[in-house]
Amino acid sequence: ANYDLVTSIRETTDRAARGELKKTLSAVTFGGTFKERKKIEDPSGLACLDFDKVVDPGGLKELLKTSKYILACWLSPSGNGIKALAKVPLVISQGRYTEYYKGLLQHYAELNPDPSTKDINRLCFESYDPSLYLNLDSKVFDKRVISNFVEQKRSVENPISNHGEGATIRKICTWWKRKFGFY
């Protein structure tokens, strides 16, 4: 990884400038190799989870390291997120990949992974983390979520939860404190 560039991204406070710097990083599609980025030629059996705007990235990384499904995890280019790879069965269709990805989202739901990264051809920018975690003995996550319904979109008029934002945050803090003894 480009240590100097990633360091610049992490030190830049201007969001737009940080975004422009991030675009200059190399990127990889962990889902496999693609022809014209749309047609998969060789699936990898990997899914990349993204955890953004994390209050304690180191704590989340330590928590992910305890999961038998996590092959690798590392600090994101921004420095306030975590990327994590999980093994999934080899698939060649976006639909089947999404079923496994939704299973992963459900499995790690308490950790709030970004659901928008469900595409098999999703680009992931390189990063720098000298303490990248790697578990070559990780297990394949083989649980799928199959749904025949249209997902609801959250909006002010149509909230997914009945709880206000403050109540949700309090519930998360209570759970975290009970589970880990601190926050």
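Scroll up to find the structure.
Residues numbered from 1 in each chain as written. Predicted model: local features only at pLDDT ≥ 70, side-chain atom pairs only at ≥ 80, totals over all residues. Heavy atoms only, no water.

A.B. asks: Describe the state of the cysteines, listing the residues and the values that go with them.
C.D. replies: Under the defined criterion, the tally for this structure stands at zero disulfides. Between cysteine 124, a cysteine without a disulfide, and cysteine 48, which holds the nearest cysteine sulfur, the sulfur-to-sulfur distance is 4.1 Å. For cysteine 124, a relative accessible area of 5% corresponds to the buried category. (Disulfide = S-S within 2.5 Å. Buried < 20%, exposed > 50% of the residue type's maximum accessible area, 1.4 Å probe, protein only.)

A.B. asks: Tell me about the packing of helix 1 (residues 3–11) against helix 2 (residues 15–22), residues and numbers included.
C.D. replies: One can describe the packing of helix 1 onto helix 2 by two numbers: an axis separation of 9 Å at closest approach and a directional angle of 160 degrees. Comparing the axis directions of helix 1 and helix 2 gives the class roughly antiparallel. Between helix 1 and helix 2 lies a crossing whose hand is left-handed. Of helix 2, the residues touching helix 1 (which contributes Leu5, Ser8 and Ile9) are Arg18, Leu21 and Lys22. Residues that form the contact of helix 1 with helix 2 fall into these classes: three nonpolar, one polar and two charged. (Axes fitted to C-alpha atoms, helices over the stretch in contact; angles between N-to-C directions. Helix = DSSP H or I, 4+ residues; strand = E, 2+ residues; numbered from the N terminus. Parallel < 35°, antiparallel > 145°, perpendicular 65-115°, else oblique. Left-handed = near helix turned anticlockwise from the far one by under 90°. Contact = heavy atoms within 4.5 Å. Nonpolar A, V, L, I, M, F, W, Y, C, P; charged D, E, K, R; others polar.)

A.B. asks: Describe the sheet that holds strand 4 (residues 46–51), and please don't skip the residues or the numbers.
C.D. replies: Strand pairs in the sheet, formed through backbone hydrogen bonds, run parallel or antiparallel to each other. With antiparallel pairing, four strands are arranged side by side in an open sheet as 4-6-5-8. On the outer flanks of this sheet lie strand 4 and strand 8 (133–134), each paired with one strand and no other. One ladder, built from six bridges, connects strand 4 with strand 6 (residues 82–87); its direction is antiparallel. Across the sheet, the residue bridging to leucine 49 is alanine 84, located in strand 6. Across the sheet, helix 3 (residues 57–64) touches strand 4, strand 5 (70–75), strand 6 and strand 8, and the angle it forms with strand 6 is around 10 degrees. (Pairing = 2+ DSSP bridges.)

A.B. asks: Any chance you could break down empty space enclosed by the protein for me, citing the residues and the numbers?
C.D. replies: Tallied over the entire structure, the rule returns one cavity of 30 Å³ or more. Here the largest cavity is characterised by a volume of approximately 40 Å³. For the largest cavity, the full set of lining residues is Gly31, Pro43, Ser44, Gly45, Leu46, Val88, Pro89, Leu90, Val91, Tyr97 and Ile120. (1 Å grid on protein atoms, 1.4 Å probe; cavity = no way out; pocket = protein on both sides within 12 Å on 5 of 7 lines; lining within 4 Å. Points joined across faces, edges and corners; volume = space filled by probe spheres on them.)

A.B. asks: Give me a nonpolar patch on the surface: which residues, what numbers.
C.D. replies: A contiguous nonpolar surface patch, about 320 Å² in accessible area, is contributed by Leu132, Leu134 and Leu136. Inspection of the secondary structure assignment puts leucine 134 in strand 8. (Patch = residues over 30% accessible without salt bridge, like charges linked within 9 Å, V, L, I, M, F, W, Y side chains within 5 Å. Areas by Shrake-Rupley, 256 points an atom, 1.4 Å probe, with all protein chains shown as cover. Salt bridge = Lys/Arg side-chain N within 4 Å of Asp/Glu carboxyl O.)

A.B. asks: Explain the side chain of lysine 61 residue by residue, including any values.
C.D. replies: Residue placement: lysine 61 occurs in helix 3. Sequence-distant contacts of lysine 61, that is, excluding residues within four places in its chain, are made with Cys73, Ile82, Asp129, Ser131, Leu132 and Tyr133.

Keep in mind that these numbers describe shape and distance, not what the molecule does.
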